[in-house]
Amino acid sequence: MKYRFAAYYYNRAASRGKKGIICTKYLAYPDSAGVHEYEKQGRSPKSIRPYYWQTDDVISNFSWGFVSDMRYHSVSAILDELIDNVSKNGSLLLNISPRADGSIPDAQRKILLSIGHWLLVNGEAIYGSRPWSRFGEGPSADTTINLGRYHYTGQDFRFTTRGDTLYAIAMAWPGPTAVITALGGKTHGTVTGVSLLGNPGPLSFSQTGKGLLIKTPAEKPNPYAYTFRITGVKLDSNESTHL
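Below is a short write-up of the structure. Once a new chain begins, its residue numbering starts again from 1 and follows that chain's sequence as written. Per-residue local features are limited, in this predicted model, to residues with pLDDT of at least 70; the limit for side-chain atom pairs, both in listing and counting, is 80 or more; totals at the level of whole chains, interfaces and linings are taken over all residues. To obtain the side-chain values, all non-hydrogen atoms of the structure were included, while hydrogens and water were left out.

**As for helix 2 (residues 75-87)**
Part 1: In this model helix 2 runs 18 Å from its N-terminal to its C-terminal C-alpha over 13 residues, within 8% of the 18 Å that 1.5 Å per residue would give.
Part 2: The element helix 2 is largely enclosed, with a buried count of twelve among its 13 residues.
Part 3: Residue contacts follow a heavy-atom distance rule, with two residues in contact if any of their heavy atoms lie within 4.5 Å. A run of H or I in DSSP counts as a helix once it spans at least four residues, and a run of E counts as a strand once it spans at least two, with each numbered from the N terminus. Residues of helix 2 that are buried in the fold lie against strand 3 (53-58), strand 4 (92-95), helix 3 (106-122), strand 6 (157-162) and strand 7 (165-170).
Part 4: Looking one or two places after helix 2, you find Asn89, whose phi comes out positive at around 75 degrees. Each residue after the first adds 1.5 Å to the expected span of a helix. Burial here depends on accessible area, computed with a 1.4 Å probe over protein chains only, as a share of the maximum for the residue type. Under 20% is buried, over 50% is exposed, and the range in between is partly exposed.

**Description of the pattern of salt bridges**
Part 1: By definition here, a salt bridge exists when the distance from a side-chain nitrogen of Lys or Arg to a carboxyl oxygen of Asp or Glu is within 4 Å. What the rule picks out here adds up to five salt bridges.
Part 2: When the shortest N-O distance is used, the salt bridge between Glu39 and Lys25 registers 3.0 Å. Residue Glu39 is found in strand 2 (residues 35-39), and its partner Lys25 is found in the loop between strand 1 (23-24) and strand 2; the two are separated by 14 residues along the sequence.
Part 3: Note on Glu39: relative accessible area 30%, which makes it partly exposed.
Part 4: For Lys25, a relative accessible area of 25% corresponds to the partly exposed category.
Part 5: Between Asp84 and Arg158 there is a salt bridge; the shortest N-O distance is 2.7 Å. Of this pair, Asp84 sits in helix 2 while Arg158 sits in strand 6; the two residues are 74 residues apart in sequence, bridging distant segments of the chain.
Part 6: Judged by relative accessible area, Asp84 falls into the buried class, the value being 2%.

**Things to note about the sheet that holds strand 8 (residues 177-180)**
Part 1: One bridge is not enough; two strands pair if DSSP finds at least two bridges between them. The three strands lie next to each other as 8-11-10, forming an open sheet whose pairing is antiparallel. Both outer strands of the open sheet, strand 8 and strand 10 (205-207), are each paired with one neighbouring strand and no more. Each neighbouring strand pair of the sheet contributes to a mean axis angle of 15 degrees, computed without reference to strand direction.
Part 2: Where strand 8 and strand 11 (residues 212-215) come together, four bridges link them in antiparallel fashion. Within the sheet, the bridge partner assigned to Val179 lies in strand 11 and is Leu213. All axes are obtained by fitting lines to C-alpha atoms, using only the stretch in contact for helices, and the reported angles, taken between N-to-C directions, cover 0 to 180 degrees.

**Focus on the packing of aromatic side chains**
Part 1: Pairing of aromatic rings covers Phe, Tyr and the six-membered ring of Trp, with a centre-to-centre limit of 6.5 Å; geometry is then stacked below 30 degrees between planes, edge-to-face above 60, and tilted otherwise. By the definition in use, this model includes five aromatic pairs.
Part 2: Note on Tyr9 and Tyr10: the rings are 5.6 Å apart at their centroids and 65 degrees apart in plane angle, and the pair reads as edge-to-face.
Part 3: What makes Tyr9 partly exposed here is its relative accessible area of 31%.
Part 4: Residues Trp132 and Phe159 carry aromatic rings whose centres are separated by 5.0 Å and whose planes lie at 75 degrees to one another, so their mutual orientation is edge-to-face. Taken together, the residues span a long stretch of sequence, with Trp132 in the loop between helix 3 and strand 5 (136-137) and Phe159 in strand 6 at a distance of 27 residues. There is no split in this pair, since Trp132 and Phe159 are both buried.

**Brief notes about the packing of helix 2 against helix 3**
Part 1: Relative orientation of the contacting elements helix 2 and helix 3 amounts to 50 degrees, with a least axis distance of 10 Å. It follows from the interaxial angle that helix 2 and helix 3 lie oblique. Crossing geometry of helix 2 relative to helix 3 is assigned as right-handed. Each of Val75, Ile78, Leu79, Leu82 and Ile83 in helix 2 lies in contact with helix 3, whose residues at this interface are Ile111, Ser114, Ile115, Trp118 and Leu119.
Part 2: Amino acids outside the nonpolar list (Ala, Val, Leu, Ile, Met, Phe, Trp, Tyr, Cys, Pro) and the charged list (Asp, Glu, Lys, Arg) are all regarded as polar, and Gly is one of them. Taken together, the residues that form the contact of helix 2 with helix 3 break down as nine nonpolar, one polar and no charged. Throughout, the term roughly parallel applies to angles under 35 degrees, roughly antiparallel to angles over 145, roughly perpendicular to angles from 65 to 115, and oblique to all others. Helix crossings are classified by the rotation of the near helix relative to the far one: an anticlockwise turn of less than a right angle makes the crossing left-handed, while a clockwise turn makes it right-handed.

**Some points on the sheet that holds strand 5**
Part 1: Here we have five strands laid out as an open sheet, ordered 5-6-7-12-9, and antiparallel in their pairing. The sheet is open, and its two edges are formed by strand 5 and strand 9 (193-196), each paired on a single side.
Part 2: For strand 7 and strand 12 (residues 226-231), the ladder comprises five bridges, and the chain directions are antiparallel. Bridge assignment links Ala168 to a residue of strand 12, and that residue is Phe228.
Part 3: Those strands touched by helix 2 are strand 6 and strand 7, and its axis lies near 55 degrees from that of strand 6.

Printed below as a string of structure tokens:
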């Protein structure tokens, strides 16, 4: 029955010149038949998946719906989740909890506006991006651990690509020098330029056997994750599919 439903839905959408997508859980359909969803970050994939996927998670740390005395995840934790998912060919569906009259509590509005402000500056590494040949590096890139809400360090990076540009998103401030070990030597080509989104002008860098060493500015461009735009890298093809 479920396959008949899928066939009807997709054929109906195609007959109207539209592209339909079925979102499903618990492997109800093959990955190629729709978007597989995972409930909560702890169940999300640990590495790049060949087909697009999505995590459903909640802005509160204990309730999907509005309750009194709600407590919330931090802006940083939500952005970390979004960035990690996108680097693995996924996305984040963030559940908010309006009151009974439909109004959004101020605390939730502030979180959403802060996320939006970060995306205004760093969105080019998220919207329309594709995974690189590897999703990240650093202690948190160990796929044997279940990340959940992970405490990141300045050694933790997540990678995305867009066109001929590689984005290395530092999950925490790396200090005076950011070291991206994946770009050590010339395996991925010679880096020709590095900039930090939200910071004016190019950054000084050197490419050694140890990695790509980037001199960071004295002032952080924002309070959260930090996106380095890198050009000159030979971007390996990735066979993942983005619906």
